[in-house]
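An overview of the molecular structure
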Amino acid sequence: TPIGTASLRGLSYVDCLIGAAVGFAIGYGIDTLYRMIRGRSGFASGDTVLLAVMGCWFGWVGALFALVAGAVQGTVIILIVRVFGGAVAEPEAVKQEREEIRAEIDKLPAEERDKAMAEWRAEDELADEPGEGMQAPLPFGPFIAMAGIELLLFEAFLKDLFFLWMGP
């Protein structure tokens with residue numbers, strides 16, 4: 001686990017726990033703010049946990065780097081895909097899950113159906129068809145993970161570059 005191996009990476013256990021707390025707080029904060037604005041989840045809980053792991057592994061700087069680098073890289077990739085006329089296809093498992101949930105909701109009595117659909121829409125972005133609402137067609141987790149791999153390979157250089165504005 002990241003906490004148990006903190007000393008092997010040159011982090012204290014306190015730094016590891018602070019990094020995990022910062023990563024978790026960032027993800028939880030983004031989701032909470034999005035819920036206040038849009039009334040639904042805007043940051044997956046798995047992404048929040050992944051940011052916490054990045055913070056625990058690399059310290060709080062790693063959690064911030066993973067968020068920023070993941071967002072920048074995800075944005076660049078989706079722009080490149082769209083410029084060349086491509087689209088990010090929704091996985092079949094997601095389509096199937098949406099159909100199964102809708103089938104369960106359709107089985108409900110009419111007076112309960114609208115309430116169940118509204119609750120589902122408030123909680124889960126799966127309720128929207130692709131392109132409906134402001135659903136993001138690109139998962140964020142792989143880009144957080146890619147930032148983690150980059151930190152693993154080039155940690156000192158990237159931390160210096162990322163926090164260059166802080167000065168010596």
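For the structure, see preceding data.
Residues numbered from 1 in each chain as written. Predicted model: local features only at pLDDT ≥ 70, side-chain atom pairs only at ≥ 80, totals over all residues. Heavy atoms only, no water.

Description of the overall build of the protein
Filter applied, for reference: Put simply, DSSP marks the helices as runs of H or I at least four residues long and the strands as runs of E at least two long, and each gets a number from the N terminus on. Think of it in three bands: residues with accessible area under 20% of the maximum for their type are buried, residues over 50% are exposed, and the middle band is partly exposed, with areas taken using a 1.4 Å probe on protein chains only. In this analysis, two residues are considered to be in contact whenever any of their non-hydrogen atoms come within 4.5 Å of each other.
Per the secondary structure count, the protein includes 6 helices and 0 strands. In sequence order, the secondary structure elements of the protein are arranged as α-α-α-α-α-α. In the protein, which comprises 168 residues, the share counted as buried stands at 30%. A fraction of 66% describes how many contacts in the protein between residues 6 or more apart in sequence connect residues 24 or more apart.

Comments concerning the environment of W57
Secondary-structure assignment places W57 in helix α2 (residues 45-58). Note on W57: relative accessible area 31%, which makes it partly exposed.

A short note on the pattern of salt bridges
Our working rule: Any Lys or Arg side-chain nitrogen located within 4 Å of an Asp or Glu carboxyl oxygen qualifies as a salt bridge.
Counted under the stated rule, the structure contains 2 salt bridges. Note that D31 and R35 form a salt bridge whose closest N and O atoms lie 3.0 Å from each other. Here the residue D31 and the residue R35 both occupy positions in helix α1 (residues 13-38), the gap between them amounting to 4 residues, near one helical turn. The partly exposed category is assigned to R35, whose relative accessible area is 29%. Its salt-bridge partner being E104, residue K107 comes within 3.3 Å of it at the nearest N-O pair.

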